[in-house]
Amino acid sequence: MARPQAKNFRSPDQVRQFSNGRIANVSHGETTIGRFVFQPGWRWSRDVGPIAGTRSCQIHHQGVVLRGRLLVESDTGEVCEFAIDDVYDIPPGHDATVPGDEPFEAIEFASARLYAAPGDGDRALAAMLCTDIVDSTAHLRRLGDSAWRELLLEHNHQVRLELNNFRGREIQTTGDGFLAVFDGPARAVRCARSIGRSVTRLGIAIRAGVHTGEVEFVGDNVRGLAVHEAARVAGVAGAGEVLVSATTKHLLEGSGIALESAGVHELKGLGEARELFRITGSE
């Protein structure tokens, strides 16, 4: 039976130090909370960028400022400054610096597990999720360019909220879809189902595919055959469906997620035909 428990940042589970900055992490189950401290003059592109190996910070931040200020500039040129007691939400794709003479200190809930962790050339087993909007061309013709663009922005917002909820890492957008990675297939499948439910109110449906395999993380990108297989699996799915590969199906055993066979399919460029599985039930 679960019981109340406490941990303290004075004795953190992990400390990650880098130039002009430090993160102390504590974890409760699958949740990692971080205390971020950046010194005056700290800049992400100089002090963390070489560790992450990305052109800008690709992590989604949510937290609350305890001390100091943080100046953030997005890849698209938007600038925002956060100060004491601000509860902030910073999407991937930004640089940041600490202005003034006071250190910046914050508590974060969404990014502490991944922030300032080396990213170059890491090979790992990951669950890949690919999604796209069904009948996007028909929606564009019906709505027109301006309304379609607004719909896409809202779709992207909903997807990113769900990725954050399920600890997914956004790799890229594909026009009307997303590619994301997860540290487990159950989380990827549940995220896909939740995305599908959340965009229904927008009058659209998505298709989704999940495949689990070894990939290589290179900067802010991910490479490997598993990426292509996830995309091919998603391409077979129908409106509102989440399909998974046979590998993923085996790894989902014991998760409580119900599946049924979706038949045997040729996946372009991947050799022999393979059986795919459909997620069922209302979970």
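Above this text you will find the structure in question.
Not measured: the values here are computed from a predicted model.

1. Brief notes about the side chain of Ser111
In step 1: In this fold, Ser111 is placed in the loop between strand 9 (104-108) and strand 10 (122-133).
In step 2: At 3.3 Å, the side chain of Ser111 and the side chain of His61 are in polar contact.

2. What about the packing of aromatic side chains?
In step 1: One pass over the structure, following the stated rule, counts 8 aromatic pairs.
In step 2: Between Phe38 and Trp42, the aromatic rings sit 3.9 Å apart at their centres with planes inclined by 10°, giving stacked as the arrangement.
In step 3: Overall, the relative accessible area of 3% leaves Phe38 in the buried class.
In step 4: Relative accessible area serves as the criterion here: at 1%, Trp42 is assigned to the buried category.
In step 5: These aromatic residues form a ring-pair network of at least three members: Phe18, Phe36, Phe38, Trp42, Phe104 and Tyr115.
In step 6: Against the face of Phe277 rests Lys249, its NZ or CZ located 5.1 Å from the ring centre.

3. Brief notes about the sheet that holds strand 6 (residues 79-82)
In step 1: The antiparallel open sheet is built from 3 strands, whose spatial order is 6-5-8. Because the sheet does not close on itself, it has two edges, and the strands there are strand 6 and strand 8 (94-97). The average angle at which neighbouring strand axes cross in this sheet is 20°, direction not considered.
In step 2: Pairing of strand 5 (residues 70-74) with strand 8, which is carried by 4 bridges, proceeds in the antiparallel orientation. Within the sheet, the bridge partner assigned to Ser74 lies in strand 8 and is His94.

4. Observations concerning the pairing of strand 12 (residues 177-182)
In step 1: Burial within strand 12 is extensive, with 6 of its 6 residues counted as buried.
In step 2: Along strand 12, one buried face is formed by Gly177, Leu179 and Val181 and the opposite face, lined by Phe178, Ala180 and Phe182, is buried too.
In step 3: Sheet analysis places strand 11 (residues 169-173) next to strand 12, joined by 4 bridges and oriented antiparallel. Across the sheet, the residue bridging to Gln172 is Leu179, located in strand 12.
In step 4: From the end of strand 11 to the start of strand 12, which pair antiparallel, there are 3 residues, and Gly175 there has a positive phi angle of about 85°.

Parameters and conventions
Residues numbered from 1 in each chain as written. Predicted model: local features only at pLDDT ≥ 70, side-chain atom pairs only at ≥ 80, totals over all residues. Heavy atoms only, no water. Helix = DSSP H or I, 4+ residues; strand = E, 2+ residues; numbered from the N terminus. Polar contact = N/O pair within 3.5 Å; in protein donor to acceptor, adjacent residues only side chain to side chain. Phe/Tyr/Trp six-rings, centres within 6.5 Å; stacked < 30°, edge-to-face > 60°. Buried < 20%, exposed > 50% of the residue type's maximum accessible area, 1.4 Å probe, protein only. Lys NZ or Arg CZ within 6 Å of the ring centre and 35° of its normal. Pairing = 2+ DSSP bridges. Axes fitted to C-alpha atoms, helices over the stretch in contact; angles between N-to-C directions.

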